[in-house]
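Architecture and fold: a report
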Amino acid sequence: MVVTNLLKNQHLLWRAGFGPMAEEMHQLATVSQAAYVKTLFKSSERKPTYIDVADGALKGLVMGLNELGRQKRLNEEERRKIRQQSREELRSLNLAWLNEMVNSDAQLREKMALFWHGHFASRNINILYQQQLLDVIRRNALGSFATLLQEVSKSAAMINFLNNNQNRKDHPNENFAREVMELFTLGRGHYTEQDIKEAARAFTGWGANLAGEFVFRKAQHDYGQKTVLGKTGNFNGDDVLDMLLQQKQTAFFIARKVYRYFVNEVVDEDRVEWLANRFYQSNYDIRGLMHDIFSSDWFYDAKNIGCKIKSPVELLVGIRRALPMTIQNEEVQLVLQRLLGQVLFYPPNVAGWPGGKNWIDSSSLMIRLRIPQLIYAADELNMTPKDDDDQMMGMKAPVMDARKKKLGSQAIAAVIDWKVYLRNFSKVPDEQLIASVAQLLLVVPPSGKEAVVRNYSDTSNREAAIKSATIQWMSTPEYQLC
Amino acid sequence: MLIKRKEFLQIGSLATASLLVPKFLKAFEAPRRVPPGNKVLVILQLSGGNDGLNTVIPVTNDIYYKSRPKLGIAKEKSLLLTGEAGLNPALTTFKELYDDGSLGILNGVGYPNPDRSHFRSMDIWQSASESHEYIHTGWIGRYLDAQCAGCDKPTQALEIDDVLSLAMKGEAVKGLAMKDPRRLFNAANEKYFKAIARTHAAGDDEQPVDYLYKTMAETLSSADYIYKHSRQHPTSAVYPNTETGRSLKTIASLIFSDINTKVYYLSLGSFDTHVAQEGQQRRLFTEMNEAVKAFVKDLKANNRFQDVLLMTFSEFGRRVAQNASGGTDHGTANNMFFISGGLQRKGILNALPDLTDLQEGDLKHTVDFKNVYATVLHKWLQADDRKILGKQMQYLDFV
């Protein structure tokens, strides 16, 4: 396979972001990667705006409760209402972040944030906590991994999700200590059960209040001696996080995971070692790590291009970037996330989304292949996602059934704005249109399929040909890859 | 008649002599028929955490009635099985099956360090992991991995749903989800998909794109395969017009055909009864009861009841005490039903939960659910349970 300049840029934009925008497609063949890399990093430098969808009344209630202390106990009905509202607002947060991924020019930051969102997976229906954690992740997405780890570990979302509020002197809860080692830093096999027990003692007293602020509860902290990873001392939680960062294994673990996510699931150990060493020496500078990857020659090797199965979010966002559209019924995007197995803010568990081939089964693949047609022809989806009782909890049965029915039969109801996209083909001769569309949309050559797509496209005029071929090429397995 | 493993592999792989055709393209060729008489497993998932204590009621237990002054079901109202146990009044068919010797009830099923999150606990049940492990494959999926390496179709395990559950996903082989054989994937674009799939030429070393085309080709050919079989001997029996009724009707029609499906999976919910439990559980139980009634009658009429095992499970049970909203909150251990004409042991299989020995208000489990899986895999499906579950679990004696 010849790796053209066009292909290299597409590869870069799909991996360091969510694929090319309709507006920039015409320049992909000519701009250099160095220039693109520079722009990607530059546009991600800005501090992100806090995404805030939470209703004022909910915040007021929470703050009020905080002032009153825990004396005022909410009754069951009030608590259910809060949970219900919180869940509704998580849907808004999901859509708001999705829009950022589509529209923000800080593509690298949002992509990196999506990576950390899976790495620091937290399932928590409290909207305020989730907003905070998302902000922590977006602010530090390209910053220092040390800071990111510290802030995440002290976030109310994580403290609650991993039960650290229940981690008390004499009654340690090991959940956070275990996951911080197994999933966030070292990885399995680089610590002992004894390390977890001792580290859990160091994290005793770490908690969060209702407003989502970190609190250190002195009375619950175990001030005794602990031995963690071969060192003994009167450690607190911060000390343990520092010790985990001092371990070179942490740099290896993260570099490897980043490599698998951004470069190739088949790991080249020499490259990872090189990346990990530099990452460690830079004091965990994420920006540097990503720059090392995207500015290397090997990143653009043929074997690293088109070898990744897009996650559902990458797929949906990518389509919206290529084909700017107005979606009347935004909620249908949540249904698609559920049908395809990736709902933002609802990772399957603390290990995040497994990714790769795990995205694909007969149902999910066929739904993926149908999506472009659903958008284009405004068909009804007519599929019902599975119940998620964590999301539905507390809803009364008739309400829930009605909602399920409604969700399942929704149309995407999108209007594609073709103008800008069509302009990319103004200079393409008629007979090359079908192939040209494939070239701009796919990073895996669809060898031998042009005739089929032509057969199933409307070639009565240029515009119809471009539009229908776009939909058909997007409905191929090749388009699932990046 | 039990199918031997060798036969199963032959049947399952639809082997053809043509070695030159890439394997997944063979999926388009005509399948060979499976001899009838083999064992079938139907798994009914009660999603949301069914309240086991109001399902199999300990009718002489004071603690039960004290903990549930409002929700407790009186002995006279329950369908008495023994002196100390009665069924929920909505489960009349289950009572008949009990009397008939076709029902087994296993109490106190759960796992160590129970998790009270729906999603997580369901993952644990479906993947057959320990509560601290994260496994990305399901137990039926790994059964497929073990039994049909090289199979062309994922139809050995079918889920009646639009979305495939984790339970059905193996490392190499995944089951197939479909709600209605007539419209497996609703694709207006079906002809295009078939044309494009046929055009694909896989290279020697499987690339990700080949994997996707393989899945696509298998799905398309499975759709035709299932549709054809669903019309071979469609049941003429009357089923209730509920989702569970329709699903079991579809399953029955496929069971009567010579399709190669060994495992069917379906779900009913939501049993997450934090509020107004009585009505909600009754509504769901009635749906289950009527559908199972029609299903068993149909199986019996077609002499297949001996070969079919239907089992129910839920991700957890509920707390012993009722809450303040006429409901119950997330709990731990729970009971499972086994329905078949081929049970080796029937009735109430072990002791009812001990309400004097609770852990923070919750039941302690007495049977690990993985023992049930091992039993079903080994004794019913003749599979290598040790390989599938990653360890040797104890066998039970209900089949």
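Note that the coordinates shown come from a computational prediction; the quantities given were computed from them, not determined experimentally. Here the residue numbering is sequential within each chain, running from 1 through the sequence in written order. To label them, take the chains in the order written and letter them from A, then take the ligands in the order written and number them from 1. The model is predicted, so local features are restricted to residues of pLDDT at least 70 and side-chain atom pairs to those at 80 or more, both for listing and for counting; the totals for chains, interfaces and linings are taken over all residues.

Structural notes on the overall build of chain B
Summing up its helical and strand segments, chain B has eleven helices and 14 strands in all. Burial analysis of chain B (399 residues in total) assigns 58% to the buried set. Residue pairs are scored as contacts if the distance between their C-beta atoms, which are placed from the backbone, is within 7 Å. Looking at chain B alone, contacts between residues at least 24 apart form 72% of all its contacts between residues at least 6 apart. Secondary structure elements follow DSSP: runs of H or I of four or more residues count as helices, runs of E of two or more count as strands, with numbering from the N terminus. To sort residues by exposure, count the other C-beta atoms lying within 10 Å of each residue's C-beta; 20 or more gives buried, 12 or fewer gives exposed, and values between give partly exposed, all with C-beta atoms placed from the backbone.

Observations regarding the overall build of chain A
Secondary structure assignment for chain A yields 23 helices and six strands. Computed over C-alpha atoms, the radius of gyration of chain A comes to 24 Å, within 12% of the 23 Å expected from 2.2 N^0.38 for 482 residues, which places it in the range of a compact globule. The principal-axis extents of the C-alpha atoms in chain A amount to approximately 80 × 55 × 40 Å. Across the 482 residues of chain A, 48% fall into the buried class. A separation of at least 24 residues holds for 75% of the contacts in chain A among residues at least 6 apart in sequence. For a compact globule the rule gives 2.2 Å times the number of residues to the power 0.38, and the radius of gyration it is set against comes from C-alpha atoms.

Thoughts on the interface of chain A and chain B
Between chain A and chain B, the residue contacts involve 48 residues of the former and 47 residues of the latter. Looking at the side of chain A that touches chain B, the elements with two or more residues in it are helix 17 (362–377), helix 18 (389–392) and helix 19 (397–408) of chain A. Among the elements that line the side of chain A that touches chain B, the one with the most residues is helix 17 of chain A, at seven residues. Only Asp, Glu, Lys and Arg are considered charged, only Ala, Val, Leu, Ile, Met, Phe, Trp, Tyr, Cys and Pro nonpolar, and every remaining residue, Gly among them, polar. Looking at side-chain class alone, the side of chain A that touches chain B contains 21 nonpolar, 13 polar and 14 charged residues.

So, the pairing of strand 10 (residues 334–339) of chain B
Residues and elements named next belong to chain B. The buried fraction of strand 10 is high, at six of six residues. Burial of strand 10 is two-sided: the residues N334, M336 and F338 facing one way and the residues N335, F337 and I339 facing the other way are all buried. Pairing of strand 5 (residues 103–110) with strand 10, which is carried by five bridges, proceeds in the antiparallel orientation. When the bridges of strand 10 are listed, V109 appears paired with N334. Two strands form a pair only when DSSP identifies at least two bridges running between them.

Regarding the packing of helix 4 (residues 76–103) of chain A against helix 15 (residues 312–322) of chain A
Residue and element names in this part refer to chain A. To define axes, lines are fitted to C-alpha atoms, for helices over the stretch in contact only, and angles between the resulting N-to-C directions are given on a 0 to 180 degree scale. Between helix 4 and helix 15, whose axes approach to 9 Å, the crossing angle comes to 50°. With respect to each other, helix 4 and helix 15 are oriented oblique. Between helix 4 and helix 15 the crossing geometry is right-handed. Contacts between helix 4 and helix 15 involve L98, M101 and V102 from the former and V317, R320 and R321 from the latter. Tallied by class, residues from the contact of helix 4 with helix 15 come to four nonpolar, no polar and two charged. Orientation categories follow fixed angle ranges, with anything under 35 degrees roughly parallel, anything over 145 roughly antiparallel, 65 to 115 roughly perpendicular, and all other angles oblique. For a crossing to be left-handed, the near helix must be turned anticlockwise from the far one by less than a right angle; the clockwise case is right-handed.

Examining unusual backbone geometry
Cis geometry is adopted by the peptide bond preceding S270 of chain B, which originates at G269 of chain B and carries an omega value of 10°. Residue N163 of chain A is not a glycine yet carries a positive backbone phi of 60°. Mapped onto the fold, N163 of chain A is located in the loop between helix 8 (156–161) and helix 9 (175–185).

Quick look at the packing of helix 21 (residues 433–441) of chain A against helix 23 (residues 462–474) of chain A
Helix-helix packing is characterised by the crossing angle of the two axes and by the distance between the axes. All names here are of chain A. Interaxial distance between helix 21 and helix 23 falls to 9 Å at its minimum, and their mutual angle equals 45°. Classed by the angle they form, the pair helix 21 and helix 23 counts as oblique. Helix-helix and strand crossings are classified by hand; for helix 21 and helix 23 the assignment is right-handed. Here L433, I434, V437, A438 and L441 of helix 21 lie close against helix 23, whose contacting residues are R462, A465, I466, A469, T470, W473 and M474. Split into classes, the residues belonging to the contact of helix 21 with helix 23 amount to ten nonpolar, one polar and one charged.

Points about the confidence of the model for chain B
The predicted coordinates ought not to be read in detail in places where the model reports low pLDDT. Residue and element names in this part refer to chain B. For every residue, the predictor reports its confidence as pLDDT, a number between 0 and 100. When pLDDT is averaged along chain B, the result is 88; 89% of the residues meet or exceed 70. A low-confidence stretch, residues 1–36 (pLDDT under 50), is modelled with 51 contacts involving residues beyond four sequence positions or located in other chains. Scored by ipTM, the complex comes to 0.92, with pTM at 0.87.

Examining helix 8 (residues 243–256) of chain B
All names here are of chain B. To estimate how far a helix should extend, the number of its residues minus one is multiplied by 1.5 Å. If you check helix 8, its first and last C-alpha atoms are 20 Å apart, about what 14 residues at 1.5 Å a residue would give, namely 20 Å. Taking burial as the measure, the 14 residues of helix 8 include twelve buried ones, the bulk of the element. Of all the positions in helix 8, only T244, G245, S247, L248, K249, T250, I251, A252, S253, L254, I255 and F256 are classed as buried. Residues of helix 8 that are buried make contact with strand 1 (40–46), helix 7 (208–230), strand 8 (263–268), helix 9 (277–301) and strand 9 (308–314).

A short note on the sheet that holds strand 3 (residues 79–80) of chain B
Residue and element names in this part refer to chain B. Strand order across the open sheet formed by three strands is 2-4-3, with antiparallel pairing between neighbours. Whereas interior strands pair on both sides, the edge strands pair on one side only; in this sheet they are strand 2 (56–58) and strand 3. Both strand 3 and strand 4 (residues 85–87) contribute to a ladder of two bridges, which runs antiparallel. In the sheet register, L79 faces strand 4, and the bridge partner there is L87.

Topic: the environment of L6 of chain A
All names here are of chain A. Inspection of the secondary structure assignment puts L6 in helix 1 (residues 5–15). Classification of L6 as partly exposed rests on a count of 18 C-beta atoms within 10 Å. When the C-alpha atoms of L6 and P477 are compared, they prove to be 21 Å apart, with 471 residues separating the residues in sequence. When residues no more than four places from it in sequence are discounted, the contact partners of L6 are L28, A29 and Q439.

Points about the domain arrangement of chain A
Residue and element names in this part refer to chain A. Domain assignment breaks chain A into domain 1 (5–43 + 248–304), domain 2 (56–246), domain 3 (312–416) and domain 4 (425–480). Listed per partner, the contact involves eight residues of domain 3 and five residues of domain 4. Breaking the side of domain 3 that touches domain 4 down by element, the ones donating at least two residues are helix 15 and helix 17. Looking at the side of domain 3 that touches domain 4 residue by residue, the classes come out as six nonpolar, one polar and one charged. Domain boundaries shown here were taken from an automatic or database domain assignment.

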